[in-house]
Amino acid sequence: MSEQIDQALSRKYDAGFYSEIESETFENGLDESVIRRISEMKGEPEWMLEWRLKAYNAWLQMEEPEWAHVEYPKVDFQAISYYSAPKSMKDKPKSLDEVDPELLRTYEKLGIPLHEQEMLAGVAVDAVFDSVSVVTTFREKLEEAGVIFCPISEAVHKYPELIKKYLGSVVPRTDNFYAALNGAVFTDGSFVFIPKGVRCPMELSTYFRINEQNTGQFERTLIVAEEGSYVSYLEGCTAPQRDENQLHAAVVELVAMDDAQIKYSTVQNWYPGDEDGKGGIYNFVTKRGICHTNAKISWTQVETGSSVTWKYPSCVLKGDNSVGEFYSVALTRGRQQADTGTKMIHLGKNTRSTIISKGISAGKSNNAYRGLVQMGPRADGARNFTECDSLLIGDQCGAHTFPYIESRNPTAIVEHEATTSKVSDEQLFLCQQRGLDAEKAVSMIVNGFCKEVFKELPMEFAVEAGKLLEISLEGSVG
Amino acid sequence: MLKISNLHASVEEKTIIKGLDLEIGPGEVHAIMGPNGAGKSTLGYVLSGRDGYEVSDGTVELNGKDLLDLDVEERAREGLFLAFQYPVEIPGVSNMEFMKESVNAMREQRGEEPLTAAEFLKKAKEACKQVQLPLDFLKRGVNEGFSGGEKKRNEIMQMILLEPSLCILDESDSGLDVDALQVVADGVNSQRNDKRSFIVVTHYQRLLDYIKPDFVHILADGKIVKSGDASLALEVEKNGYAFLGKKYEESEA
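Here the structure is a predicted model, which is why all the values come from computation and not from measurement. (Residues numbered from 1 in each chain as written. Chains lettered and ligands numbered in written order. Predicted model: local features only at pLDDT ≥ 70, side-chain atom pairs only at ≥ 80, totals over all residues.)

## Looking at the overall build of chain B
- Within chain B, the secondary structure is distributed over eight helices and twelve strands.
- Taking 253 residues into account, the globule formula puts the C-alpha radius of gyration at 18 Å, and chain B, at 18 Å, falls close to it.
- Here chain B, with 253 residues, has 43% of them falling under the buried criterion.
- Relative to all contacts within chain B whose residues are 6 or more apart in sequence, the contacts with residues 24 or more apart total 69%. (Helix = DSSP H or I, 4+ residues; strand = E, 2+ residues; numbered from the N terminus. Rg over C-alpha atoms; globule rule 2.2 N^0.38 Å. Buried ≥ 20, exposed ≤ 12 C-beta atoms within 10 Å, placed from the backbone. Contact = placed C-beta atoms within 7 Å.)

Structure representation (structure tokens):
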């Protein structure tokens, strides 16, 4: 069977094409002048530039973290371009008709038509291409409900008070090496604001595409849900197939005020590199949300891409009775490496958190779950339940679990369950004996393993996620 | 319909089947009995093409096709069904979706349209009733948390749905009480017709009280050493495998 599994590596990456689009791209390198130029390109106010420069100066003092269970050559931050945008975007197209058709075609090829009438009903999309947002759909419809959904670069101009108040409020500029880098050079991303008591009438989603060579993508997403509001948000990501590694260092901040709920889902399919580990995206991302009283934040992620992943979507359960959830499927194959998990920081009374993590390793990949559950001294009656399951396909991959539990409150309850299993020869044989080919069998077994997480995804995307796993496993058995 | 000639097969370089000949006509039920370690289960695995079961000599034809040339799933699609002695669990995959994929794989092979969810559900419900499994078994994960008897009945349900031409039952009676045995046997008997053939592998004669075989073969040391009608099974029941010689005398009958 391991011989069959070896072929896992030969899968194709459907999103690996490159779009011929004339871009304005900064020369490689990073110094203060580059940050000033980014800020100037975006026509930012002085306070934003200052914010960036503070982040940059903090970053200069910091060191790249090395504690994760991943190995890769050091990133040369001077060999990256920090800004790239299609030239056609310079004139800021007012409507879809003015957007370069090649850009629209790119998204169409990825299965994300941007014409509203062709889209999945009930989903609004912000499309980010390299360093800029190309288009945001359904804005008017959302505005009627009082919902703001726009590129963050635009929000800096239009809603400076909100940005000043919330940017960096959950993930401070100095939080960590990559967050500081992002703070200095972030180029675009989405801003979402749901006013008090409003249930966002549509699914919101941002689709990130890296196109240009040697560029990094540094996007920043900020979602603020005021008292008693609700929003479901989804992000998707892809990149062309290239021999060089590319860096993606994003920051996502969620603010859930009292009684608010944010559901944040990710379907991540960055180019994972080839079977020998050549190329692929370094996905070094900081995602964190803060929950006020009775609020709830739910992270759901399906991760199949990237050559190296370093990512821990977290919840700070500040308010009493607030709830944090983390549902994750991380699939690694080839030479992919993932070190991913979550942090649940229980500060308030009766806070609750649930962690369901499903790691699938195939080929020669390494898949690590790293999770922290912290019960603060005030967190009376707080509870956490963690279930951490690993599935191994073949005999050359690795699964690792690094749970950290810190409890400073004797009334807090923490439960941790972990299992490791293999797609066994017997399971495969049973399926094949019933007429299913080996590939179908493996994808079925893996889908079954992930079921608990898939059911947390918005309906429209649960199917997509299942398909993505299927494609990812294509050729995983011969 | 099935023709096995001079079959030699090994597992982990140990030869288990050593020159087996067997011919099965359409609609016939053949029981294969024998002492422990005779190669009874191995035969089922070899015929279904399981990885690690190497054929070193001989031929097997199913409906005129060279079976040994086909992959596991191709053999299954040609109509070969193996009811497992210990079916494995597939957590999270519902019986329903598993069987639907499976049935449609068979239909595709026969050039038929795939069943819709509703059409399949109707058939599945009937099959479920036939083996006396509650309907919620369709929603449960494949064999997940099933008792031994439920797993066996589930295998028979699959057999009913897949309509194979050759069914190999590998000790489908082991670990069953009399009532469960009756259910399994009824399920099998309901599927007997003049086209479908069965190989019933069993250690005990008991099952053959319920599923009447046309032929009984005694397998010992990788070969069929004796063949007869149903009365041969009764003889084994009475006298054990003593007739095979000293080597098997202690072996329980």
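What follows picks up the thread again.
## As for the interface of chain B and chain A
- The interface is formed by 21 residues belonging to chain B together with 19 residues belonging to chain A.
- Counting residues per element, the ones that place at least two in the side of chain B that touches chain A are helix H2 (72-77), strand E7 (90-94) and helix H3 (95-109) of chain B.

## Thoughts on the packing of helix H2 (residues 32-41) of chain A against helix H3 (residues 46-60) of chain A
Residues and elements named next belong to chain A.
- H3 packs onto H2 with a crossing angle of 150° between their chain directions and a minimal axis gap of 10 Å. On the basis of the axis angle, H2 is roughly antiparallel to H3. Once H2 is placed against H3, the crossing between them reads as right-handed. Seen from H2, the contacting residues are Glu32, Ile35, Arg36 and Ser39; seen from H3, they are Met48, Leu49, Arg52, Leu53 and Tyr56.
- Residue composition of the contact of H2 with H3, grouped by class: five nonpolar, one polar and three charged. (Axes fitted to C-alpha atoms, helices over the stretch in contact; angles between N-to-C directions. Parallel < 35°, antiparallel > 145°, perpendicular 65-115°, else oblique. Left-handed = near helix turned anticlockwise from the far one by under 90°. Nonpolar A, V, L, I, M, F, W, Y, C, P; charged D, E, K, R; others polar.)

## With respect to the sheet that holds strand E9 (residues 166-170) of chain B
Residue and element names in this part refer to chain B.
- The sheet built from six strands is open, its strands ordered E6-E9-E10-E3-E11-E12 with mixed pairing. For this open sheet the edge positions go to strand E6 (80-83) and strand E12 (223-228), each flanked by a neighbour on one side alone. The mean inter-strand angle of the sheet, taken between neighbouring strand axes irrespective of direction, is 20°.
- Pairing geometry for strand E11 (residues 215-220) and E12, over five bridges, is antiparallel. Opposite Val216, over in E12, you have Gly228 as the bridge partner.
- Across the sheet, helix H8 (residues 230-239) touches strand E3 (29-33), E11 and E12, and the angle it forms with E11 is around 45°. (Pairing = 2+ DSSP bridges.)

## Thoughts on the confidence of the model for chain A
Residue and element names in this part refer to chain A.
- Confidence in the prediction for chain A averages 85 pLDDT; 86% of positions are at 70 or higher.
- For chain A, the element scoring lowest by mean pLDDT is helix H1 (residues 2-6), at 39; strand E16 (residues 314-317) scores highest, at 98.
- The model gives residues 1-10 a pLDDT under 50, and that stretch makes 28 contacts with residues more than four places away or in other chains. (pLDDT = per-residue confidence, 0-100.)

## With respect to the pairing of strand E6 (residues 190-194) of chain A
Residue and element names in this part refer to chain A.
- Among the five residues that make up E6, five are buried, leaving the element largely enclosed by the rest of the structure.
- The side-chain alternation of E6 yields two buried faces, one formed by Ser190, Val192 and Ile194 and the other by Phe191 and Phe193.
- With four bridges connecting them, E6 and strand E8 (residues 220-225) associate as parallel partners. Each residue of the ladder has a partner; that of Phe193, found in E8, is Val224.

## Re the nonpolar core
- Grouped together as the largest cluster of nonpolar side chains are 202 residues, with contacts concentrated most on Val192(A), Ala225(A), Ala256(A) and Ile168(B).
- Looking at this core, the element that brings in the most residues is helix H10 (residues 438-454) of chain A, giving ten residues.
- Setting aside its immediate chain neighbours within four residues, Val192(A) contacts Ile148(A), Phe149(A), Leu204(A), Ile223(A), Val224(A), Val231(A) and Tyr233(A). (Core = buried A, V, L, I, M, F, W, Y, C linked by C-beta atoms within 7 Å.)

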